[in-house]
Amino acid sequence: MKPILTIAMTLIVSGSFAQLKPVAYQDGQQQLKGLVISPAKTTQKKAGVLILPAWKGIDNNAKETAVKLAGLGYYAFVADIYGEGHYPKDAKEAGQQSGYYKKNVAAYQQRIKLALQQLVKAGADPARIIVIGYCFGGTGALEAARADLPVKGVVSIHGGLAQYAGERAVNPIHTKVLVLHGADDPSMTNEQVLGFQQEMRTAKADWQMIEYANAVHAFTDREAGNDNSKGAAYNELASKRSWKHMLLFFDEILAN
């Protein structure tokens, strides 16, 4: 029975992914290719969600999120941060590529702006947009807030919290911020967590941070395995809780 169930689930997921449509766009001469999905019913008043993927680029976790959000009535766009010719083949290259954008935040913010434009072109109301990101993408979601991009809110899901480009002036943050964090995530030191919280206070941001017990890095990613000792692992309970907390945040900031 298990193999049959596995095959059935694969077919269901593949069918869902088929709803995602590739979108070609550019940053100067760099070709980018994101994914867009429109809701069957626009029950969220054309609200849109920009999804920033983890460090290896567009993955199944980002795709599944887009499909699920479309099912709830949101327009969704999965951003391509790296661009054609720069997609990582392994963890080493992913570290190099993501490291470049962490250090060159203006370039990262530009790629996010371009993806936001594509989300609006797809039909989302520019006044009702939220940016969410996983891992490296969670870092990007916070950079969207730091850049004061015109979005209703940002959600960082097991994302990097530090200002990796070095100390920068802390400017006021006007968008609302939600951080969903694994309490045992070894990729973030206590110093970095406390530093982020102080940054939010200095920026006078409306921010929330929720930590999940027994959760390490990548706790929403089913492909991360289940061995916490490796520092990155899927945690079903934390994943379900974080999804509910994110949707509650959506409801709150999109209420008006």
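Just so you know, these numbers come straight off a predicted model, no measurement behind them.

**Student:** Before we go on, may I ask you to explain helix α2 (residues 60–71) in this structure?
**Tutor:** Note on helix geometry: an α-helix contains 3.6 residues per turn, so any two residues three or four positions apart are oriented the same way. Between its first and last C-alpha atoms α2 spans 16 Å; for 12 residues at 1.5 Å apiece the expected length is 16 Å, and the two agree. Buried within α2 are the following residues: Asn61, Ala62, Thr65, Ala66, Val67, Leu69 and Ala70. With its phi angle positive at about 105°, Gly73 sits one or two positions after the end of α2.

**Student:** I would appreciate a short explanation of the sheet that holds strand β8 (residues 207–212) in the present structure.
**Tutor:** One key point about sheets: their strands pair by backbone hydrogen bonds, in either a parallel or an antiparallel sense. Overall, mixed pairing links the eight strands, which are arranged β1-β2-β4-β3-β5-β6-β7-β8 in an open sheet. Either end of the sheet is taken by a strand with one partner, and the two such strands are β1 (21–27) and β8. On average, each strand axis in the sheet is tilted by 20° relative to the strand beside it, whichever way the strands run. Relative to strand β4 (residues 75–78), strand β2 (residues 30–37) runs antiparallel, the two being bridged by three bridges. In the strand pairing of β4, Leu35 is matched with Val78. On the sheet, helix α4 (residues 105–121) packs against β1, β2, β3 (48–52), β4 and β5 (129–134) and is oriented at approximately 135° with respect to β1.

**Student:** What is the right way to read the pairing of β4 from this model?
**Tutor:** A regular strand carries its side chains on alternate faces of the sheet. Neither face of β4 is exposed, since Tyr75 and Phe77 on one face and Ala76 and Val78 on the opposite face are all buried. As paired strands, β3 and β4 are joined by four bridges and run parallel to one another. Residue pairing across strands places Gly48 opposite Tyr75, the latter belonging to β4.

Parameters and conventions
Residues numbered from 1 in each chain as written. Predicted model: local features only at pLDDT ≥ 70, side-chain atom pairs only at ≥ 80, totals over all residues. Heavy atoms only, no water. Helix = DSSP H or I, 4+ residues; strand = E, 2+ residues; numbered from the N terminus. Expected span 1.5 Å × (residues − 1). Buried < 20%, exposed > 50% of the residue type's maximum accessible area, 1.4 Å probe, protein only. Pairing = 2+ DSSP bridges. Axes fitted to C-alpha atoms, helices over the stretch in contact; angles between N-to-C directions. Contact = heavy atoms within 4.5 Å.

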